[in-house]
Amino acid sequence: MIENDWRDEYCPESEHVYCDCPFTVASCDGAWTCEDIYNISVEVINYYDTNGDGSINLEDEIDSEHYDVLVEYCDYNNDGSIDSCEVHQCIVDCENAWRDEYCPDYGHVYCDCPFYVSTCDGAWNCTDI
Ligand SMILES: [Ca+2]
Ligand SMILES: [Ca+2]
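Bear in mind the structure is a predicted one, so any value in this text is a computation, not a measurement. (Residues numbered from 1 in each chain as written. Chains lettered and ligands numbered in written order. Predicted model: local features only at pLDDT ≥ 70, side-chain atom pairs only at ≥ 80, totals over all residues.)

Engineer: Give a detailed account of the overall build of the protein, specifying residues and quantitative values.
Structural biologist: Looking only at helices and strands, the protein features 4 helices and 2 strands. Of the regular secondary structure in the protein, the N- to C-terminal order runs α-α-β-α-β-α. Here the protein, with 129 residues, has 14% of them falling under the buried criterion. Considering only residue pairs separated by 6 or more positions, the protein has 61% of its internal contacts joining residues 24 or more positions apart. (Helix = DSSP H or I, 4+ residues; strand = E, 2+ residues; numbered from the N terminus. Buried ≥ 20, exposed ≤ 12 C-beta atoms within 10 Å, placed from the backbone. Contact = placed C-beta atoms within 7 Å.)

This is how it looks when you write it as structure tokens:
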């Protein structure tokens, strides 16, 4: 990926971009795209983040059973709180686990966290590529 080499050189703060190959013909009914995953992430966060600080933890009005499940699967840095990127990554992982089971030839989806976008003038996003 030339774009990621460019980012390493000129925008080292910027995350790498991962794009699904738009030319493959494989299809998988029911698979989620990054856009779907983004929309679901927003719904999950809006539902559980009752105090609106952008992360889900016991300060929110969440019952402990749901909280325990979320922490077990989604708290990647083990700080007891699930931030919006962790929710997003969790749904990406869940989608990829689903694809492994139902569409093993389809490949995995890679989505950058859409919530903390570091700006980088001149960087290409997936649409440009
Ligand atoms: Ca919260
Ligand atoms: Ca966390």
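Engineer: Now, about the nonpolar core: what can you tell me, with residues and values included?
Structural biologist: Ranked by size, the top nonpolar core spans 9 residues in total: W32, I37, I56, L70, I82, V87, I91, V92 and C111. In terms of residue count, the dominant contributor to this core is helix α4 (residues 84-102) (3 residues). Beyond its immediate stretch of four places on either side in the chain, I91 contacts I37, I40 and S41. (Core = buried A, V, L, I, M, F, W, Y, C linked by C-beta atoms within 7 Å.)

Engineer: Give me the lowdown on the packing of helix α2 (residues 34-48) against α4, citing residues and values where you can.
Structural biologist: Direction vectors running N to C along α2 and α4 enclose 130°, while the axes themselves pass 9 Å from each other. Here α2 is positioned oblique relative to α4, judged by the angle of their axes. Between α2 and α4 the crossing geometry is right-handed. Note on element contacts: α4 touches α2 through S84, V87, H88, I91, V92 and E95, opposite I37, I40, S41, V44 and I45. Looking at the contact of α2 with α4 residue by residue, the class counts come to 7 nonpolar, 3 polar and 1 charged. (Axes fitted to C-alpha atoms, helices over the stretch in contact; angles between N-to-C directions. Parallel < 35°, antiparallel > 145°, perpendicular 65-115°, else oblique. Left-handed = near helix turned anticlockwise from the far one by under 90°. Nonpolar A, V, L, I, M, F, W, Y, C, P; charged D, E, K, R; others polar.)

Engineer: Explain unusual backbone geometry to me, using residue names and the numbers behind them.
Structural biologist: Glycine aside, a negative phi is what most residues show, and trans is what most peptide bonds show. One non-glycine residue, N78, lies in the positive phi region at around 55°. By the element assignment, N78 lies in the loop between α3 (64-74) and β2 (82-83). N78 gets classed as exposed once you count the C-beta atoms within 10 Å, which come to 7.

Engineer: Got a sec to walk through the environment of C28? Specific residues and values, please.
Structural biologist: As for its position among the elements, C28 is in the loop between α1 (2-10) and α2. Assessed through the 14 C-beta atoms surrounding it within 10 Å, C28 is described here as partly exposed. Put simply, C28 and P104 are 76 residues apart on the chain and 9.4 Å apart in space, counted from C-alpha to C-alpha. Contact partners of C28, with chain neighbours within four places excluded, come to R99, Y102, C103 and Y106.

Engineer: Now, about α4: what can you tell me, with residues and values included?
Structural biologist: For α4, built from 19 residues, the straight-helix expectation of 27 Å at 1.5 Å per residue is met to within 8% by its first-to-last C-alpha distance of 27 Å. Of the residues making up α4, those classed as buried are E86, V87, H88, I91, V92 and E95. Taken together, the buried residues of α4 touch α2, α3 and β2. (Expected span 1.5 Å × (residues − 1).)

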